[in-house]
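Listed below are the residues making up each chain.
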Amino acid sequence: MLRTSLFAQVAFALVLGVLVGRIWPQFGTSVQPLGDGFVRLIKAMIAPLVFCVVVVGITKAGDLKAFGRIGIKALIWFEVATTAALLIGLLAGNLVAPGQGMNVDPASLDSAAVDEKTGGGSLPSTSEFVLESLPDSAVGAFAENSLLQVLVLSCLVGAALLHLGHTKVPAILPVIEQGQSVIFTIVGYIMRLAPLAVFGATAHLVGEYGLKAMSTYGKLIAVCYGVALLFLLLLGLALKAVTGLSLWRFVRYTREELLLALGTGSSETVMPRMMQKLRAAGCRDDAVGLVLPTGYSFNLDGASIYLSIGTLFIAQAVGVDLSLGQQFTVVLILMLTSKGMAGVPGSAFLALSATASALGVIPAAAVALLLGVDRIMDSMRVATNLLGNCVAVFAVSRWEGALDVAKAKRVLSGEEQPVFEEEEEEEEETKQREQEQEQEAAEKRVASAAPDVAGDGGSRRTS
């Protein structure tokens with residue numbers, strides 16, 4: 001299994017990383033570049049891949065209006081899902097009260113640590129967020145790996161190809177399709193390094209932070225992970241009601257990618273593979289290409305749960321009792337700030353600081369209470385964000401009639417094996433090698449038989 005199964009390799013690397021980080025913490029912190037290097041390689045492929053998938057999806061669908069409907073329906077789903085996550089988080093925070101009884105003196109907290117974590121940055125305002133989603137340079141959108149800007153460019157190129165038709169630009173679409181196949185193949189190569197990445201990231205996490213935070217913030221961690229599990233159960237019920245598909249079967253279908261995302265603490269590392277698996281499970285290309293990348297900016301369900309519970313936690317820890325009206329204000333603020341979090345360093349702390357400042361009753365320095373537990377929350381945020389976005393792809397695809405439900409059920413149940421681009425390439429290469437070997441063997445047989453025939457003929461003539 002370790003030789004053939006990526007899931008087994010990643011699971012083994014995860015356990016090994018925990019052991020190494022626990023026993024040799026200094027060595028554990030030194031292998032962090034293994035995880036960082038893998039993330040950089042994957043990120044280099046995301047922007048061109050999204051461009052190719054969206055352009056090909058629009059041109060194959062042949063209907064720009066349908067693409068617009070998919071975008072609108074996706075935004076509606078995102079808003080409902082994130083609002084539900086915020087409300088469930090607040091409800092759990094009030095019922096369990098994870099910060100109750102801590103009696104922390106805000107004056108004893110060092111707010112400079114938060115500034116160091118965020119790099120002195122700030123979340124963009126709504127107008128800035130919209131403006132920054134529009135590219136001011138075609139090359140810059142790819143160079144900065146700005147997914148929303150790449151999406152805008154992709155939509156413009158896809159619309160232009162639809163308008164011009166295959167007769168005027170017959171060569172462009174095949175080139176983009178071939179580029180998509182090349183990128184997926186490269187991603188397949190990079191994924192073979194996944195166990196090293198998980199080992200490096202896990203060993204660094206355990207070596208750097210140890211297991212002390214688990215005891216200090218045990219109640220907060222339990223609440224966040226419990227609420228995330230409850231939210232995923234509700235998502236599973238919604239998926240079953242809308243599409244008839246099982247979220248548990250989807251988890252089994254994507255267990256390798258989920259484990260990799262948990263190990264590296266980044267959902268971006270598995271975006272290319274998730275796009276492949278969603279397409280193989282019956283979702284149309286244009287729905288996958290638009291909904292999944294957009295969800296990385298607009299549908300941060302796990303982050304919403306963490307932010308709502310975290311806000312109540314720091315308020316309870318410093319002895320501030322938030323009224324119902326103030327908690328409603330928290331929901332409204334986080335509904336806006338959570339949309340601009342993607343790609344911003346220390347975005348969770350920036351959102352919490354903005355919420356505390358807007359309420360005016362929570363000291364800004366109290367946000368530093370979450371510094372010791374933030375990295376441990378990554379697994380919860382990553383898993384919930386990723387599954388929430390995948391459920392959104394299925395739901396919106398079904399809503400738009402862009403989902404082959406029968407195929408999805410066969411793939412998720414294991415009755416039909418999905419075939420990906422790199423596997424098709426490998427199969428073709430294997431077949432070609434086999435044909436070449438057979439041809440060489442046949443030529444050798446003919447060559448070895450030729451002297452015997454000549455010899456027989458000679459002997460007959462002599463006799």
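Here is what the cut-offs are and how they apply
Residues numbered from 1 in each chain as written. Predicted model: local features only at pLDDT ≥ 70, side-chain atom pairs only at ≥ 80, totals over all residues. Heavy atoms only, no water. Helix = DSSP H or I, 4+ residues; strand = E, 2+ residues; numbered from the N terminus. Buried < 20%, exposed > 50% of the residue type's maximum accessible area, 1.4 Å probe, protein only. Contact = heavy atoms within 4.5 Å. Patch = residues over 30% accessible without salt bridge, like charges linked within 9 Å, V, L, I, M, F, W, Y side chains within 5 Å. Areas by Shrake-Rupley, 256 points an atom, 1.4 Å probe, with all protein chains shown as cover. Salt bridge = Lys/Arg side-chain N within 4 Å of Asp/Glu carboxyl O. pLDDT = per-residue confidence, 0-100. Core = buried A, V, L, I, M, F, W, Y, C linked by side-chain atoms within 4.5 Å. Axes fitted to C-alpha atoms, helices over the stretch in contact; angles between N-to-C directions. Polar contact = N/O pair within 3.5 Å; in protein donor to acceptor, adjacent residues only side chain to side chain. Phe/Tyr/Trp six-rings, centres within 6.5 Å; stacked < 30°, edge-to-face > 60°. Arc of directions from axis to C-beta. Expected span 1.5 Å × (residues − 1). Lys, Arg positive; Asp, Glu negative; His and termini not counted. Charge placed at Lys NZ, Arg CZ, Asp CG, Glu CD. Parallel < 35°, antiparallel > 145°, perpendicular 65-115°, else oblique. Left-handed = near helix turned anticlockwise from the far one by under 90°. Nonpolar A, V, L, I, M, F, W, Y, C, P; charged D, E, K, R; others polar.

This paragraph deals with the overall build of the chain. Along the chain, the regular secondary structure elements total 22 helices and zero strands. Each of the 463 residues in the chain was classed as buried or not, and the buried ones make up 51%. The long-range share in the chain, meaning contacts at least 24 apart out of those at least 6 apart in sequence, stands at 85%.

What follows covers a nonpolar patch on the surface. A contiguous nonpolar surface patch, about 540 Å² in accessible area, is contributed by Val15, Leu19, Ile23, Trp24 and Phe27. At three residues, the largest contribution of residues to the nonpolar patch is made by helix α1 (residues 6-23).

What follows deals with the confidence of the model for the chain. For the chain, per-residue confidence averages 81 on the pLDDT scale, and 84% of positions sit at 70 or higher. Mean pLDDT values for the elements of the chain range from 58 in helix α11 (residues 212-216) up to 93 in helix α13 (residues 247-253). Residue range residues 457-463 is modelled with pLDDT below 50. Its contacts to residues more than four positions away, or to other chains, number zero contacts.

On to the nonpolar core. One broad trend across soluble globular proteins is that nonpolar side chains are buried collectively. Trp77, Leu220, Phe250, Leu292, Leu370 and Phe394 are the most contacted members of the largest nonpolar core, which totals 132 residues. Element by element, the count of residues in this core is highest for helix α3 (residues 32-61), at 14 residues. Every residue in contact with phenylalanine 250, bar those within four places of it in the chain, is listed here: Met274, Leu278, Leu387, Cys390, Phe394 and Leu412.

Attention now moves to the packing of α3 against helix α15 (residues 271-280). It is the contact of α3 with α15, at a shortest axis distance of 9 Å, that shows an interaxial angle of 35°. Across the interface between the two elements, Ile42, Ile46, Leu49, Val50 and Val53 from α3 touch Met271, Pro272 and Met275 from α15.

Along the chain, threonine 202 turns up in helix α10 (residues 194-209). Given the relative accessible area of 6%, threonine 202 is considered buried. A polar atom in the side chain of threonine 202 sits 2.7 Å from the backbone oxygen of valine 198. Discounting residues that sit within four places of it in the chain, threonine 202 has contacts with Leu14, Gly17, Val18 and Gly263.

The full count for this structure, using the stated rule, is three aromatic pairs. Ring plane angle 55° and centroid distance 6.2 Å describe the contact between phenylalanine 250 and tyrosine 253, whose orientation is recorded as tilted. Taken together, the residues span about one helical turn, with phenylalanine 250 and tyrosine 253 both in helix α13 at a distance of three residues. Take phenylalanine 250: its relative accessible area is 1%, and that puts it in the buried class. Residue classification places tyrosine 253 among the buried residues on the basis of a relative accessible area of 10%. Between phenylalanine 250 and phenylalanine 394, the aromatic rings sit 5.4 Å apart at their centres with planes inclined by 90°, giving edge-to-face as the arrangement. Taken together, the residues phenylalanine 250 in helix α13 and phenylalanine 394 in helix α20 (residues 378-400) connect sequence positions 144 residues apart. An identical accessibility class is assigned to phenylalanine 250 and phenylalanine 394; each is buried. Here the aromatic cluster, defined as three or more aromatic residues joined through ring pairs, consists of Phe250, Tyr253 and Phe394.

The next thing to look at is helix α21 (residues 405-413). Residues of α21 that are buried include every one of Val405, Ala408, Val411 and Leu412, and no others. Looking straight down α21, one finds that the buried residues subtend no more than 125° of arc, so they occupy a single side. Phi for glycine 414, located one or two positions after α21, is positive at around 90°.

What follows covers helix α12 (residues 218-243). Residues separated by three or four positions in an α-helix point in the same direction, a consequence of the helix having 3.6 residues per turn. Here α12 spans 37 Å end to end across 26 residues, near enough to the 38 Å set by a 1.5 Å rise per residue. Those residues of α12 lying buried are Leu220, Ile221, Val223, Cys224, Val227, Ala228, Phe231, Leu232, Leu235, Gly236, Leu239 and Thr243. Following α12 by one or two positions, glycine 244 has its phi on the positive side, about 80°.

For the rest of this paragraph, the subject is a positive patch on the surface. Residues Lys240, Arg249, Arg252, Arg255, Arg398 and Lys409 make up a contiguous surface patch of positive charge. Accessibility expressed as a relative area gives 42% for lysine 409, which makes it partly exposed.

Moving on, we get to the pattern of salt bridges. Tallied over the entire structure, the rule returns nine salt bridges. A salt bridge links glutamate 400 to lysine 73; the nearest nitrogen and oxygen atoms lie 2.7 Å apart. Within this pair, whereas glutamate 400 is found in helix α20, its partner lysine 73 is found in helix α4 (residues 64-96), the two being separated by 327 residues in sequence. Accessibility expressed as a relative area gives 16% for lysine 73, which makes it buried. Salt bridges here are not isolated pairs; linked through shared partners, they connect Arg69, Lys73 and Glu400.

Before going further, it helps to examine the packing of α1 against helix α14 (residues 255-264). Orientation of α1 relative to α14, taken along the N-to-C sense of each, is 20°, at an axis distance of 9 Å. Between α1 and α14, the crossing angle belongs to the class labelled roughly parallel. Judged by the sense of rotation from one axis to the other, the crossing of α1 with α14 is left-handed. On the side of α1, the interface is formed by Leu6, Phe7, Val10, Ala11 and Leu14, while α14 contributes Arg255, Glu256, Leu259, Leu260 and Gly263. Counted by class, the contact of α1 with α14 contains seven nonpolar, one polar and two charged residues.

Relative to the assigned elements, aspartate 301 resides in helix α17 (residues 301-317). Setting aside residues up to four positions removed in sequence, aspartate 301 forms contacts with Ala81, Thr82, Ala85, Phe231, Thr384, Asn385 and Gly388.

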